[in-house]
Amino acid sequence: MNIRLLAKRNIQGNAQRYLAYFFSIVLSVSIFFIYASFIFHPDVVHANIPGGQLISRGLIAAEIVIIIFSVFFIAYSNAAFIQPRKNEFGLLTLLGMSKSQLRKLIYLEQTMVSLISILVGIGLGFLFSKLFLMAISWLLAVEQPISFVYVPEAFIYTIVGFILLFQLLSLLSLFHIGNAEVVDLLKDKQKPKKTPFVSKWLIALSAVCLSISYYLAATMSLNNSYRVLPIVFFVLIGTYFLFSQSIVALCSRLYRKKKSLYGGTNLITQTNLIFNIKDYSRLFFLTSIITAVILTAAGTLFMFSADLKKQGMNNIPQSIGWVENDASIYSVIEPSAVEKTLKVDGFKILYKVNITGVPITHMLPHMRTGESNENRSLLISESDYNNVAALRKIEPAKLSGKEALYVFPYGGLDYQFVQKGEQKELHYGKQTIQVTMIGQRNQSIVAPIKSATTLMVVDDQLYHEITADVPLKEKVRVRGYEVKDWEETMETAAKIEKMSNNPDHNQLQTRAPVYQEMKQGSILILFIGLFVSLLFFIAQGSMMYLRVFTNLEDKKIQIHALHRLGLTKKEIRQILSAEIRILFFVPFLIGLIHAIVAYVALSNLLESNLFVYSSMVIATYFLFQLLYYQVTKKIYERAVINSIK
């Protein structure tokens, strides 16, 4: 018997414990290798693939996330493996094994597992690289599928990177066990567990931090998106003390309710929980945060992709729109040419927009500094606004006398440039018109281009008084066409762009190309994010699996004693199920609450009800979590019940 053989047999003997950890690392290595294969693909490096460089940057960001996450996951897992084996290490030391030999044993075990994980992960990654490249080719809609080639850089970066990562974390984990005395190692499991300390001040801190984070998230908008970092900070602090203090206090309160405590198997379940809650708190904290990250990230990507069409219609009001700086002529493109092209290509025009206005100047506060600056807007009449608003199913404006409405085109920016009742001067040439503002609407009705980017709407009579002597050539004309099935107008839009006199691409706007580009980008991000979310989910489940199986031997001893005292196998299953259920679903519940608050913030940013989309994401995640729970419970129950003689 030598140390190498002992390490090998230890791995074989702890195979069940290593299983989830092994698969998580294999998945991490596989995804990292697949992404690296694309990043260093010759066609991507030499820019032979349209959009390839953009995806490459996204994949590099994903690689960084995988590495950072792997550091925390491997460090946590190494600690989880070492803690329950201290008694074993103590016996080996007592039998004559030196500290250097003990360190070597642990190092060899972790190195063997890591090397096998890396080799299997690279093998699977290499096998599935072809499918990944085919999927990317389809998403990018390239004429020729991306070729499957051997990419040596992917092998080098994956192998070297993960070996260095494993070696560094393995060496760090050796210091803790190597400096422990024999008596500490042997008596580690015999140390009685004390009732966890609870501080009312820390419970209050948890409540305050979570309340602040939820309030900041629920009231967040585009103009205060800087709140993200404070929200994350308060959520982390609040969640940590929620599990280390608030949940402990709740368990202690339940423990004092003797009537429910003595019902069925509650005494054993609650006693186990309260004396293990300190050990569970770190796991609960990590898994709840991971759950919140997965639900928020996956939900954000899915909701953004699903809500993309609505966003396109809100930001670009008509399928085709343009602005003529001289309303007396059509210098950008003739409407007849647009209508003819649409008809030839078989697209039905749902409605047309043809309004004129006068470019004016007025003072508005700067968003960041608040200082007044001169801004340009297009002055239009109330009837013109209401006609287009009716076509777009927007609430009409109601003005009278010298009242005015300011229209800002970007709905996601929750910033009020004007206040209700504010007196404002509008300038056109030498004319100055004093108006009373009835408010502001962040909703576009015509193509937000150049002088028509923002609108100032006034009563018809006031508009005619101002513009009565303004020649048509000094006015601005805004044209637009809404088309049925506009998503399919890519080729038609390209024809119209080609026909137009729009060299700088700043006076004509077509919705389909912008929408398709955004759709393609969002699908790619969703595709990339799916793999990373899957990795996070598997790793989170692995942490729970590790926590369950690291104390398997202790649990067998406890259950065997309870069985001898008269507990039936049915009651034992109830105890085990309750413990695993708490382990899986308490952090899921807290993570779910965090994610719902994030969804509320996202709904505010997008100005859309995302209840259906978020429900689908949550339901899908819950089903996966339930499946993982059932599999773990079945394996755990079988391992414990089979030990009963």
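Here is a short report on the structure shown in this document. (Residues numbered from 1 in each chain as written. Predicted model: local features only at pLDDT ≥ 70, side-chain atom pairs only at ≥ 80, totals over all residues. Heavy atoms only, no water.)

## Description of the overall build of the chain
Next up, step 1: Of the regular secondary structure elements, the chain holds 21 helices and 9 strands.
Next up, step 2: Expressed as a percentage of the 645 residues in the chain, the buried residues total 50%.
Next up, step 3: Pairs at least 24 residues apart make up 82% of the contacts formed inside the chain by residues separated by at least 6 positions.
Next up, step 4: When the accessible surface of the chain is totalled, it reaches about 32100 Å², and 63% of it is carbon and sulfur. (Helix = DSSP H or I, 4+ residues; strand = E, 2+ residues; numbered from the N terminus. Buried < 20%, exposed > 50% of the residue type's maximum accessible area, 1.4 Å probe, protein only. Contact = heavy atoms within 4.5 Å. Areas by Shrake-Rupley, 256 points an atom, 1.4 Å probe, with all protein chains shown as cover.)

## Let's talk about the packing of aromatic side chains
Ring pairs (aromatic) are described by centroid distance and by the angle formed between their planes.
Next up, step 1: Inspection of every chain in the model, using the stated rule, returns 27 aromatic pairs.
Next up, step 2: Taking 5.7 Å as the distance between ring centres and 45 degrees as the angle between the ring planes, the aromatic pair formed by Tyr35 and Phe132 counts as tilted. A residue pair is termed long-range when its members are at least 10 positions apart, and Tyr35 in helix H2 (residues 15-39) and Phe132 in helix H6 (residues 99-140) qualify at 97 residues. Pair check on accessibility: Tyr35 and Phe132 agree, each one buried.
Next up, step 3: Three or more aromatic residues joined by ring pairs make a cluster, and in this case those are Phe537, Phe584, Phe585, Phe588, Tyr621, Phe622, Phe624, Tyr628 and Tyr629.
Next up, step 4: One cation-aromatic arrangement involves Arg511 over Trp486; the distance from NZ or CZ to the ring centre is 4.7 Å. (Phe/Tyr/Trp six-rings, centres within 6.5 Å; stacked < 30°, edge-to-face > 60°. Lys NZ or Arg CZ within 6 Å of the ring centre and 35° of its normal.)

## Brief notes about the environment of Lys570
Next up, step 1: Turning to its location among the elements, Lys570 is positioned in helix H20 (residues 569-606).
Next up, step 2: When the C-alpha atoms of Lys570 and Ile641 are compared, they prove to be 10.0 Å apart, with 71 residues separating the residues in sequence.

## Some words on a nonpolar patch on the surface
Next up, step 1: The grouping of Ile116, Val120, Leu124, Leu127, Phe128, Leu131 and Met134 at the surface amounts to a nonpolar patch, some 650 Å² of accessible area in total.
Next up, step 2: Relative to the helices and strands, Ile116 is located in helix H6. (Patch = residues over 30% accessible without salt bridge, like charges linked within 9 Å, V, L, I, M, F, W, Y side chains within 5 Å. Salt bridge = Lys/Arg side-chain N within 4 Å of Asp/Glu carboxyl O.)

## Observations regarding the pairing of strand E4 (residues 403-408)
Next up, step 1: Burial analysis of E4 places 5 of its 6 residues in the buried class, which makes it a mostly covered element.
Next up, step 2: Where E4 meets strand E7 (residues 455-458), 4 bridges bridge the pair, whose relative direction is antiparallel. Bridge pairing in E7 places Leu405 opposite Val457. (Pairing = 2+ DSSP bridges.)

## Describing the nonpolar core
Next up, step 1: Ranked by size, the top nonpolar core spans 100 residues in total, and within it Tyr21, Tyr35 and Phe38 carry the most contacts.
Next up, step 2: At 16 residues, the largest contribution of residues to this core is made by H20.
Next up, step 3: Contacts of Tyr35, omitting those with residues within four sequence positions, involve Leu59, Ala62, Glu63, Ile66, Phe132, Ile528, Phe531 and Val532.
Next up, step 4: Ranked by size, the runner-up nonpolar core spans 23 residues in total, among them Leu378, Ile380, Ile394 and Leu405. (Core = buried A, V, L, I, M, F, W, Y, C linked by side-chain atoms within 4.5 Å.)

## Looking at the side chain of Thr467
Next up, step 1: Following the sequence through the fold, Thr467 ends up in helix H16 (residues 460-467).
Next up, step 2: Only 2.8 Å separates the side chain of Thr467 from the backbone oxygen of Tyr463, close enough to count as a polar contact.
Next up, step 3: In this structure Thr467 touches Val358 and Lys475, once residues within four positions along its chain are discounted. (Polar contact = N/O pair within 3.5 Å; in protein donor to acceptor, adjacent residues only side chain to side chain.)

## As for helix H9 (residues 200-218)
Next up, step 1: In this model H9 runs 27 Å from its N-terminal to its C-terminal C-alpha over 19 residues, within 8% of the 27 Å that 1.5 Å per residue would give.
Next up, step 2: Buried within H9 are the following residues: Ser206, Cys209, Leu210, Ser213, Leu216 and Ala217. Looking straight down H9, one finds that the buried residues subtend no more than 130 degrees of arc, so they occupy a single side. Turned more than 90 degrees away from the buried face of H9, the exposed residues are Lys200, Trp201 and Tyr215.
Next up, step 3: Of the residues that open H9, the one with a side-chain oxygen 3.3 Å from the backbone nitrogen of Trp201 is Ser199. (Expected span 1.5 Å × (residues − 1). Arc of directions from axis to C-beta.)

## Let's talk about the pattern of salt bridges
Opposite charge on two side chains makes pairing possible when the charged atoms of those side chains draw close.
Next up, step 1: Following the criterion strictly, the structure yields 4 salt bridges and no others.
Next up, step 2: For the salt bridge of Glu422 with Lys424, the shortest nitrogen-to-oxygen distance reads 3.4 Å.
Next up, step 3: Overall, the relative accessible area of 24% leaves Glu422 in the partly exposed class.

## Details of helix H13 (residues 308-315)
Next up, step 1: Taken as a whole, H13 has its buried residues at Leu308, Gln311 and Gly312. Axial view of H13: buried residues confined to an arc of 100 degrees, hence all on one face.

## Overview of the packing of helix H14 (residues 335-344) against helix H17 (residues 490-499)
Next up, step 1: Where H14 contacts H17, the axes come no closer than 10 Å and their chain directions differ by 155 degrees. Comparing the axis directions of H14 and H17 gives the class roughly antiparallel. In this structure, the crossing between H14 and H17 has a hand that is right-handed. Here Ala337, Val338, Thr341 and Leu342 of H14 lie close against H17, whose contacting residues are Thr492, Lys495, Ile496 and Met499.
Next up, step 2: For the contact of H14 with H17, the class distribution of residues is 5 nonpolar, 2 polar and 1 charged. (Axes fitted to C-alpha atoms, helices over the stretch in contact; angles between N-to-C directions. Parallel < 35°, antiparallel > 145°, perpendicular 65-115°, else oblique. Left-handed = near helix turned anticlockwise from the far one by under 90°. Nonpolar A, V, L, I, M, F, W, Y, C, P; charged D, E, K, R; others polar.)

## Some words on the packing of helix H18 (residues 511-550) against helix H21 (residues 611-641)
Next up, step 1: Where H18 meets H21, the axes come as close as 11 Å, and the angle between the chain directions of the two elements is 25 degrees. On the basis of the axis angle, H18 is roughly parallel to H21. H18 and H21 meet at a crossing whose hand is right-handed. Residues Phe537, Ile538, Gln540, Gly541, Ser542, Met544, Tyr545, Val548 and Phe549 of H18 form the contact with H21, whose participating residues are Tyr621, Phe624, Gln625, Tyr628, Thr632, Ile635 and Tyr636.
Next up, step 2: For the contact of H18 with H21, the class distribution of residues is 11 nonpolar, 5 polar and no charged.

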